[in-house]
Structures are given as C-alpha cells and as structure tokens.
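Here's the letter readout for the chains.
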Amino acid sequence: MIVRLGFIAISLLFTVTIMGVHFTEQLYPWMGIFIFFSLSIIIFLSRSLQPVVGVSTVIIVALSHRLVSFYHPATLSGQDPDKIAAAVNRIIHTGKLSSIEGLNFYSGAPLYFLNSVGISHFMGLEAQYSAVAYVLIVTIITPLAVAVLVQSLSWLPDSAVTIAASISVVSTASSIDSLWPIPQQHAVVLFFITCVLLLIYHRFDANDKTIPILLILSLASIVASHKIGGLYTLAALLGVLVIGLVNEKEYISKYRMRKHQSQNTAPLLILTILSTIFLLIVWTYTTTQIRPVATLFLQTIIHNPGPVSGAVLDSTAAEPTTSGISGIIIRQGHWLIYLPFVSIGWVILWRMDKSPVLAGIAAAVGSLFIITFIGAVSTRRMLLFAEPIFSILLVVLVFAGIFSARKGTTTGSILLLFVIIFAQISAPLATLDHPQESRQYLTHGEWEGKKFVADHTSGEVYADYYYARQNVEYFGEGVSYRPGGADPTPDGFSQLGPDILAGDTHEQGYPNVLIRTNVDTVMFGGHWNLEWNPSQEFDNSTDYSKVVDNGEVSLYHKSNDSSARIRNGL
C-alpha cells in the first residue's frame, strides 16, 4: 500500500511540475523540486522495492526530468550541442566526413559523429531532433551500469542498488550534461559498459572468450570518441591491475597461496597494453592531442602558472553572480561534498571486496579527477566519469561504514543521502535557467527574433556572448559547426565586447545590436548580473533606431551606418 501511495505521489509531483514549467515558462525551480522529492520517495521506499523495480522507477523519474528539460527550450541547450548537431547534419547532407574539417581532435577521431549520423538515418530525423536519442541512452545506461556494479557487492543489501542508481542520476554534472548530446556523453556510456564487462570477466567468467573481444572493441571505441574517455579507461585498467597485485601480495603473505582472481592478471595486462597502444595511435597519429596533454601534465607537475593576467576588466555596470569563498561553495559544493565521504567509502570497499575491479576503477577515477582538477582542466568534464563511481562509494559508506546499521540505514545515513541530493539539485549548474547562471537556452521568442534578423538584416549584428554564438539553423551556408573553434558564431553575428559589463555598449558604434530584453544575467568569462538596462539606454540613444521588437528581442541599428539596414521590410 505504501509503495502504491509513493508512486501516486511521484505522478502528482510530475503533474505539478509540468504545470509550473508551462505557466512560468522556466524550468527553475520546478525540475529541482520534482527530482528531489521523487528520489527522496524512492529512497524511502527502497527497502520495500525489488532492485529491478527500484532502478526502473529511478530511470523513469530521470527520463521524465530530462526529457522535459530537453524539450522546453526552443533550441538545443548549452554551448556546444548546436554546433555538433550542425556538424552531423553537414555529414548527412554532403555524405562526406571531410565536410567537418577543422574540428581538431574530432577530425581525426570522428566515431561520435559517425554514430550520430547512423542514429539520425535510423530515426529518419536531422541531428537536432535525433539528439534526444543520446538523452535516452545516457539516462538508461548509466544508472543500469551503476546498479550492476553495486549488485556485485553481495555484502550490501538490495536497497543499496536503488539508492546508488538514484544518486547517480541526480548528480549535478551527470544530470545537466545528459541534456547535451556531445562526444563525451558517448565516451561516458562506453566507459561504464567497459566497467561492467571488466567486472563480469574478472569476477564471474574468466574463460568466456567473448568478453575480451567486447572489451577490446569498447576500448577502441572510447579512444576514437573522446580525448578524455581513453585516458580514464586506461587509468581504470591500471587501477584494477595495481589493486589486484596489492591484494594478491597481501593474500600470499597471509595465507602462503594465490588468490583465485590472480589468474586474470595476464589478460588484464594485455588489455592495458592494447588500450595504451590505441590511445597513443589516436593521440599521436590520427590527432595531435598528445601535445596539449603533455603540456598540461608538465605544467601540473613542474609549475602551473595559472591564467595569464591581462587588462583589468571594467565591470562597473555588472556584478558577478557568485564570488569569494561563498561563490566557491555555491558553485563547487555539489562535488566537494562528495570527497570526504567517498574517500572513506573507497577504503571500506577495498578492505571488504575480494575483487579488485571496483576498488581499482574507483581509485583510478578518483586520482585522475584530482590530478586534472589540479591541472585546471574543466571539473565538470571530469565529473561525468567520476560521479557514478562516487554514488557507488557513497552507498558503501552508508551501508557498511560508520553511519550504518546491519538491518538497514540509520537516521544519520538517511540524512546524509538527503543532504547529498539537495547539494546536487541546488547547485547553479543543475538547472538550465538557475538565477545564479546565465540561461543556457533560447526561448521561442529569442529564436524567432534571431532567425528573423538573420534573414532580413545586412551588416554584422552584435549580441551578448551566448546569444551571438547560438545557431538558429542547423544546416546551411554560414552555420557554425566548430565548438570553440575559429568561427564560434554563425555568419553575420559577432559577440559584444566587455563594454556590456561597463554599461556603455550604446557608445561603441556597433552597426547593429541585438538585445534580449528579458535577460539581465549574461556570460562574459563568467556569469554577470547587469546593473544597467541595455534596451533603455539604446531607446534613449540618439544614435540608434529600434527596427525590430517582438517583446523578447530588440534590434537597434546605427542611424548613419549604411550597412545597417533591414531587407524586405518587417
């Protein structure tokens, strides 16, 4: 009865969430409320649910959360997905892989793009629509992999499987990046499939010749998909080898005999060598990824000079959304809170689990995460590989550590889980339109306004950083398809300079300026709250005339600039 009431409550929560998103036209705070209370109900009921039912419910809740977040914006959200979709469409329409030249690493390792082309052909849709397939794949595969890995720890209760899956889907980076179909998501899925295959081979069926073949294919696919994925996979294999050898040495010393698992050391060593060869071939032959990696490694080990300081930024008319120690806690707290607990969880896992697979993978992933963080690599990118592992270590701590009780979790452990979940959903990164971040998508009015301006305006149009970069078309001449490349904006659009933070954009002489009238938080080397009203200043300026206004977007052009004119009228 209580389980049925829980499912009814989740259904009602989803109904309220949909209504809230519809009437307020924003995702915040509705999606966070839905995922927090839904997963809290599932965790509360976890002791009454079979693992299959529990994990299935977690996946349904996560899919509901992510699909609403995916379809609410007028365009693909984030900064790179629109360009990656444009690159996939170029291959679809031209039939040539060479049509996406200039993508740096991905020009030499294009497996993600080839898979995306195949998915688009299978679904009969262009890339911007078929991109939802990756949302589905990531949301289903990652918690399933976590569930399988936790299920292998027979000394944990069944409820641990459901709880670990719940933590894995709510973790901040994993949750938000699942909405962004990018090569790294492809690599993350393959990485956790590899982890499961490694566990099956090492623990259950070392004589099965199919698993090593699948492992080799998976390793090669990861390396050819993403620059970081191959590094994490190699580190995981090395971690399993090292932990296995340490365990074996300890066991021999104590019992004067070898552990059963030691027979798998040679095949694992071969897989590690193959992974290293794959990585070196891609990083040195098909791409030049070895150079930035080597440079970053040397800077990290020898001397990391940090960012080079340039001219002082004039931000007299803007304030950063977060700053100081409180800003670090607000923006980074969602993963910092994990560290002490998962560290203890790893020690418990290492001492209690007879197999070195999970402990080795966790040690490698955690160590690489810390190293890359010290090296100033994007923390969020690393967290995509680390967070699902963190969820496993957390349930190990909860059920076998200092907070646990043999017949179930204590009040302390339940409180810890809720604190962890709340830290994830309350982080600014967790929602596409969190008030302490610039909105990471375009509304329908913004999309329509930019498309109209692109079709009817001559001369260069300037807009804020995010708005200028976003594609409103996903195939055609001038559509940007290189994320972070030399042409990050579609043809005809350019980014406003730092004057947007100084409040004097209207004095810079731009020929055309496109203003989002309902936006007061923008990106410019960070997230800033504007303390001036650009639309009002341009309305009052004698140098500019408003030529387009749809309620959400206004286009101003300089009155004496002959290049700034509207073609074909309004």
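Above this text you will find the structure in question.
Residues numbered from 1 in each chain as written. Predicted model: local features only at pLDDT ≥ 70, side-chain atom pairs only at ≥ 80, totals over all residues. Heavy atoms only, no water.

Secondary structure assignment for the protein yields 24 helices and 12 strands. Taking all 570 residues of the protein together, the buried fraction comes to 54%. Sequence separation of at least 24 residues holds for 76% of the intrachain contacts in the protein that already meet a minimum separation of 6. When the accessible surface of the protein is summed, it comes to about 24,900 Å², and 62% of that surface belongs to carbon and sulfur atoms. (Helix = DSSP H or I, 4+ residues; strand = E, 2+ residues; numbered from the N terminus. Buried < 20%, exposed > 50% of the residue type's maximum accessible area, 1.4 Å probe, protein only. Contact = heavy atoms within 4.5 Å. Areas by Shrake-Rupley, 256 points an atom, 1.4 Å probe, with all protein chains shown as cover.)

Pairs can form between side chains of opposite charge whenever their charged atoms are close. The tally for this structure, following the rule as stated, stands at nine salt bridges. Notably, a salt bridge pairs Lys-451 with Glu-473, separated by 3.1 Å at the nearest N-O pair. Residue Lys-451 is found in helix 21 (residues 444-456), and its partner Glu-473 is found in the loop between helix 22 (465-469) and strand 6 (493-495); the two are separated by 22 residues along the sequence. You can call Glu-473 partly exposed: its relative accessible area is 35%. (Salt bridge = Lys/Arg side-chain N within 4 Å of Asp/Glu carboxyl O.)

Bringing the nonpolar core into the picture now. Judged by nonpolar contacts, the single largest core of 93 residues is most densely connected at Val-150, Leu-156, Phe-191, Tyr-232, Ile-361, Phe-369 and Val-395. Ranked by residue count, the leading element in this core is helix 19 (residues 379-400), at 15 residues. What Phe-369 contacts, discounting residues up to four positions off in sequence, is Tyr-232, Trp-335, Leu-339, Thr-379, Met-382, Leu-383, Ala-386 and Phe-390. Counting residues in each nonpolar core, the second largest holds 42 residues, with Ile-91, Ile-100, Ala-131 and Ala-133 among its members. (Core = buried A, V, L, I, M, F, W, Y, C linked by side-chain atoms within 4.5 Å.)

Glycine aside, residues mostly have negative phi, and peptide bonds are mostly found in the trans state. The residue after Tyr-28, namely Pro-29, is reached through a cis peptide bond having omega 0°. Examined against the element boundaries, Pro-29 turns out to sit in the loop between helix 1 (2-24) and helix 2 (30-45). Phi angles above zero are rare outside glycine, and Glu-25 is one such case at about 60°. Mapped onto the fold, Glu-25 is located in the loop between helix 1 and helix 2. A residue is classified by how much of its surface remains accessible, and Glu-25, at 61% relative accessible area, is exposed. Within the chain, Asn-104 stands out as a residue other than glycine whose phi angle is a positive 55°.

Our focus in this paragraph is the packing of helix 3 (residues 51-71) against helix 9 (residues 159-170). In the contact formed by helix 3 and helix 9, the axes pass within 8 Å of each other and the chain directions differ by 15°. Here helix 3 is positioned roughly parallel relative to helix 9, judged by the angle of their axes. Helix 9 is crossed by helix 3, and the crossing has right-handed handedness. Residues Pro-51, Gly-54, Val-55, Val-58, Ala-62 and Arg-66 of helix 3 lie in contact with helix 9, whose contacting residues are Val-161, Thr-162, Ala-165, Ser-166 and Val-169. Looking at the contact of helix 3 with helix 9 residue by residue, the classes come out as seven nonpolar, three polar and one charged. (Axes fitted to C-alpha atoms, helices over the stretch in contact; angles between N-to-C directions. Parallel < 35°, antiparallel > 145°, perpendicular 65-115°, else oblique. Left-handed = near helix turned anticlockwise from the far one by under 90°. Nonpolar A, V, L, I, M, F, W, Y, C, P; charged D, E, K, R; others polar.)

Glancing now at a nonpolar patch on the surface. Taken together, the side chains of Leu-269, Ile-273, Ile-277, Ile-281 and Tyr-285 make up a nonpolar region of the molecular surface, amounting to roughly 530 Å² of accessible area. Classification of Tyr-285 by relative accessible area gives exposed; the value is 71%. (Patch = residues over 30% accessible without salt bridge, like charges linked within 9 Å, V, L, I, M, F, W, Y side chains within 5 Å.)

Glancing now at the sheet that holds strand 9 (residues 527-530). Strands sit in the order 1-9-8 across an open sheet of three strands; the sheet is antiparallel. Pairing within the sheet leaves two strands with one partner each, and these edge strands are strand 1 (318-320) and strand 8 (521-523). Neighbour to neighbour, the strand axes of the sheet diverge by 35° on average, direction disregarded. Relative to strand 9, strand 8 runs antiparallel, the two sharing three bridges. The residue of strand 9 that forms the bridge with Thr-521 is Asn-529. (Pairing = 2+ DSSP bridges.)

For Ala-224, the position within the fold is in the loop between helix 12 (210-223) and helix 13 (227-255). A C-alpha to C-alpha distance of 8.0 Å links Ala-224 and Tyr-112, two positions 112 residues apart in sequence.

Bringing the environment of Gly-412 into the picture now. Mapping Gly-412 onto the fold places it in helix 20 (residues 411-425). On a C-alpha basis, the gap between Gly-412 and Val-398 in space is 8.9 Å, while along the polypeptide they are 14 residues apart.

Another point: the pairing of strand 11 (residues 553-558). Within strand 11, six of the six residues are buried, leaving the element largely enclosed by the surrounding structure. Of the two faces of strand 11, the one carrying Val-553, Leu-555 and His-557 and the one carrying Ser-554, Tyr-556 and Lys-558 are both buried. Inspection of the sheet shows strand 7 (residues 512-516) paired to strand 11 by five bridges, in the antiparallel sense. When the bridges of strand 11 are listed, Val-513 appears paired with Tyr-556. Strand direction decides the pairing type here: strand 10 (residues 544-549) and strand 11, joined by five bridges, are antiparallel. Bridge assignment links Asp-549 to a residue of strand 11, and that residue is Ser-554. Remark: three residues form the turn of the hairpin made by strand 10 and strand 11, two consecutive strands paired antiparallel; Gly-551 in that turn has positive phi of roughly 95°.

Let's shift gears to the packing of helix 12 against helix 14 (residues 265-286). Closest axis-to-axis distance for the helix 12/helix 14 pair is 9 Å, and the angle between their directions is 25°. With respect to helix 14, the axis of helix 12 lies roughly parallel. In this structure, the crossing between helix 12 and helix 14 has a hand that is right-handed. Each of Pro-212, Leu-215, Ile-216, Leu-219, Ala-220 and Val-223 in helix 12 lies in contact with helix 14, whose residues at this interface are Leu-271, Leu-274, Ser-275, Phe-278, Leu-279 and Val-282. The class makeup of the residues in the contact of helix 12 with helix 14 is 11 nonpolar, one polar and no charged.

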